Structures are given as C-alpha cells and as structure tokens.
Amino acid sequence: MGTQLLGYLLLGNVLILSLIYIYIFKIRKLIGFQLGMSISSVSGGLIGIITGVILIYQFPLKFVTVTIITTLMSMFVGAIFGALFDYQTLLVGYGNGVMTGIMAPMIGAAAKGSLPFLLFLEGVFLFTLILLIISAKRT
Amino acid sequence: MYWIWFFIFLNCLVALITYRILFRKRRLFSERYGMIIAMTCSGVISLIISMLVQFTMEVQIATFLTVICCVIVGAFFGALVTFQSILAGVLNGIVGSLMGNMLGAVVKDPTICSLPVSYLNTVEENMLIFGVFGTLLTCITMSLVYFSLKV
C-alpha cells in the first residue's frame, strides 16, 4: 500500500470534519448542552483514533512522536468542538480527546498495518458522522 | 530510575492542590458541573499516575494497585457535589487507569505491540519523555479546571 495514499486519506478526514464544524457553527444556537456534550466527545474521539492509526502505519519507527502529536490533535479538536457551546462541554471534549489520543497509536501498532482494519475504522467514522448530522438537524 | 518517583510525587501534589481548591468552593457548583469535574479530573489524573507507577513495578502488581487506587480517587472527586456523580468518576477512573497501564507496559516492553526491536535501546529515554509529557498534561488540565471556576 502506498504511503502517499494514507496521507491523502487523513487529509480527507480532516476536511470532512472541518466542513461539519462549519455546518454546526451555523446552527449552534439551536443545540442544547446535552447534544453538545455528545458532539464534542464523539468528534474528538473519532479523529483521535483515525489520526493515530494512520500515522503509526506511516511512521512505525517513531512511536513517541506519533503518540504526542495524536494526543495534542485530538485534545484540540475536542476542545474546539466543545467551545461552540459552553465552557463545560469544552472540558468534556478535552478529557475524552486525551484518553482516546493516548490509546490510538497502540491499536494501530497492534494491527500490524492491515488494510481491512483501516477500512472498518473509516466505515465507523463516516457512519457516526452521518448520525451526528441527522441528530443535529432534527433538534 | 529515581526521577520517576519525583514525577509521581509532583502529580499527586497537583491533584491534592486541585482537590483542596475544589473542596472549598463546592457549595457554588451545580450538579452538571460536578459530574463534568468528576469525569475530566479523575480520568486524566488516573491515566498519568498509573502510567508512571507501571514504569517502576511489575505488570500484574502495578495493575492491581493502580486500579484500586484510581477507583478511590474517582469516588472522592465524584462525591464533591452530590452522590449522583460517583458513578461517572469511578467509571472514568477505571478506564483511565487501565489505559495508562497499557501504555506503560508498551513503553516498557515494545515487543508486546509488535513494534520494531530498535526501541529496546531507548527505553529509558522514552520513559523520560512520557513522564515530562504526562506532567505537562496534568498541569494543563488542572489549570483549565481552575480557570473554569471563574467563568
């Protein structure tokens, strides 16, 4: 499998997530804090898992750096999704992002670079994002 | 290897200071705020402390000790406001301590996760980097929680 392809996959995921961020930013007044907590924890956790697995597939010799970058990224994403609503949802997204980001590169290293596992994770990611949009639209 | 005990002491000190500040102002909180404090604080603190304890002992003993300790820490943070948020604190304590034990075991013996063998030369260096990073993470989290008292 080409290394370039995995990098484009990660870029595509980040782009999809930023489009959803813009969409939720427009309707953020309509969403209550209960759904806000769910949205911030789900988005931080999912982008943490995807980033960790793809980066450890690409650079298996740099475990420490990959763990630190993944943790920082999923912390940041959870925090900015939570900051749309409230300060307390920011704390929820931050805590979930820390735990998931630390765990994700270990999963990727234990999977030994298998392609079906990555496809399964992508399927889970897209399915959860569709659920997120539906639940944000119907409130 | 004695610097690990210094990191453990530092993390416990930060956790105690935060608990003391929160305990003084516990009459001001709402129930939702208490639940969120229990989730975030117990998760991050138990993650970092169990990772550091895992560096010093054997795998089974450290797992046994840290899971019991982190359940107690989560219950203390959960019981600040009402008794309803004890469950959230205990759950996050268990999850965080199991995950920290996993990370510590992988850093100590990289062949568990089928990482390359060249990591065995730099185990101490990786331990030092993860210790510094974990202590920074605890400090950032506690400053966020302290800042949320004023918002």
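Note that the structure is predicted; figures quoted are calculated from it, not measured. (Residues numbered from 1 in each chain as written. Chains lettered and ligands numbered in written order. Predicted model: local features only at pLDDT ≥ 70, side-chain atom pairs only at ≥ 80, totals over all residues. Heavy atoms only, no water.)

Trainee: In this structure, what is going on with the overall build of chain A? I would like to understand it.
Mentor: Assigned secondary structure in chain A consists of five helices and zero strands. Each helix (α) and strand (β) of chain A, taken in turn from the N terminus, gives the series α-α-α-α-α. Its C-alpha atoms give chain A a radius of gyration of 15 Å, near enough to 14 Å, the size a compact globule of 139 residues would have. A total of 139 residues make up chain A; the buried ones form 51% of that total. Taking the intrachain contacts of chain A between residues at least 6 apart in sequence as the baseline, contacts between residues at least 24 apart amount to 82%. A total accessible area of about 6600 Å² is found for chain A, and carbon and sulfur atoms account for 74% of it. (Helix = DSSP H or I, 4+ residues; strand = E, 2+ residues; numbered from the N terminus. Rg over C-alpha atoms; globule rule 2.2 N^0.38 Å. Buried < 20%, exposed > 50% of the residue type's maximum accessible area, 1.4 Å probe, protein only. Contact = heavy atoms within 4.5 Å. Areas by Shrake-Rupley, 256 points an atom, 1.4 Å probe, with all protein chains shown as cover.)

Trainee: When you look at a nonpolar patch on the surface in this model, what are you seeing that I'm missing?
Mentor: Residues and elements named next belong to chain B. There is a patch of nonpolar side chains on the surface, built from F64, I68, I72 and F76 and spanning about 450 Å² of accessible area. By secondary structure assignment, the location of F64 is in helix α3 (residues 59-78). Residue classification places F64 among the exposed positions, given a relative accessible area of 62%. (Patch = residues over 30% accessible without salt bridge, like charges linked within 9 Å, V, L, I, M, F, W, Y side chains within 5 Å. Salt bridge = Lys/Arg side-chain N within 4 Å of Asp/Glu carboxyl O.)

Trainee: Can you help me understand the interface of chain A and chain B in this one?
Mentor: By a frequent convention, interface size equals the accessible area lost on bringing the separate parts together. On the chain B side, the residues contacting the 28 residues of chain A number 34 residues. Between chain A and chain B lies a buried interface of about 2900 Å² when both sides are counted; carbon and sulfur atoms form 81% of it. A per-residue breakdown of the area chain A buries against chain B is headed by A:Y87, A:L91 and A:M99, which together make up 23% of the total. There are one salt bridge connecting chain A and chain B. The residue B:R32 makes a salt bridge to A:D86 at a minimum N-O spacing of 3.4 Å. On the surface where chain A and chain B come into contact, there are four residue pairs in polar contact (both at pLDDT 80 or more). When residues of the side of chain A that touches chain B are traced back to their parent elements, those giving at least two are α2 (33-58), α3 (63-82) and α4 (87-110) of chain A. (Buried area = accessible area lost by both parts, 1.4 Å probe. Polar contact = N/O pair within 3.5 Å; in protein donor to acceptor, adjacent residues only side chain to side chain.)

Trainee: Help me understand the packing of aromatic side chains in this model?
Mentor: The description of two aromatic rings rests on the distance between their centres and on the angle between their planes. With the rule as written, the count across this model stands at eight aromatic pairs over all chains. Ring centres of A:Y21 and A:F81 lie 5.3 Å apart, and the angle between their planes is 80°; on these two criteria the pair is classed as edge-to-face. With A:Y21 in helix α1 (residues 3-26) and A:F81 in helix α3, this residue pair connects regions lying 60 residues apart in the sequence. Residue A:Y21 is classed as partly exposed on the basis of its relative accessible area, which comes to 24%. Here the aromatic rings of B:Y19 and B:F76 are separated by 6.2 Å at their centres, their planes lie at 85°, and the arrangement is edge-to-face. Highlighted residues: B:Y19 in helix α1 (residues 3-24) and B:F76 in helix α3, separated in sequence by 57 residues. Under the relative-accessibility criterion, B:Y19 is labelled partly exposed at 21%. B:F76 sits in the partly exposed class, given a relative accessible area of 49%. Ring pairing ties together the aromatic residues B:Y19, B:F23, B:F76 and B:F77, which thus form one cluster. The ring centre of A:F25 lies 4.4 Å from the NZ or CZ of A:R28, which sits over that ring. (Phe/Tyr/Trp six-rings, centres within 6.5 Å; stacked < 30°, edge-to-face > 60°. Lys NZ or Arg CZ within 6 Å of the ring centre and 35° of its normal.)

Trainee: Help me out: how do you make sense of the packing of α2(A) against helix α5 (residues 115-137) of chain A in this one?
Mentor: In a pair of packed helices, the angle between the axes and the distance between the axes together describe the arrangement. Residue and element names in this part refer to chain A. Interhelical geometry of α2 versus α5 gives an angle of 160° and a closest axis separation of 11 Å. With respect to each other, α2 and α5 are oriented roughly antiparallel. The handedness of the crossing between α2 and α5 comes out as left-handed. For the pair α2 and α5, contact is made by L35, I39, V42, L46, I47, I49, I50, V53, I54 and Y57 and by F117, L118, L121, E122, F125, T128, L132, S135 and A136, respectively. Residues of the contact of α2 with α5, tallied by class, amount to 16 nonpolar, two polar and one charged. (Axes fitted to C-alpha atoms, helices over the stretch in contact; angles between N-to-C directions. Parallel < 35°, antiparallel > 145°, perpendicular 65-115°, else oblique. Left-handed = near helix turned anticlockwise from the far one by under 90°. Nonpolar A, V, L, I, M, F, W, Y, C, P; charged D, E, K, R; others polar.)

Trainee: So what exactly am I meant to see when it comes to the UniProt feature "transmembrane region" (unreviewed entry) in chain A here?
Mentor: Residues and elements named next belong to chain A. Under the UniProt annotation, "transmembrane region" (unreviewed entry) lies at residues 6-25, 37-57, 63-84, 91-111 and 117-136. Secondary structure content for residues 37-57 is 100% helix and 0% strand, while the C-alpha to C-alpha distance between its ends is 31 Å. Between the C-alpha atoms that bound residues 117-136 there is a distance of 29 Å. The span itself is 100% helix and 0% strand. (UniProt positions renumbered as here; feature names shortened; annotations may be inferred.)

Trainee: How should the UniProt feature "transmembrane region" (unreviewed entry) in chain B be read in this particular structure?
Mentor: Residues and elements named next belong to chain B. When the UniProt feature table is mapped onto this chain, "transmembrane region" (unreviewed entry) is found at residues 6-23, 35-55, 61-83, 90-107 and 127-149. Secondary structure over residues 61-83 splits into 78% helix and 0% strand, and the C-alpha atoms at its two ends are 31 Å apart. When the span residues 90-107 is considered, its composition is 100% helix and 0% strand, and the gap between its end C-alpha atoms is 26 Å.

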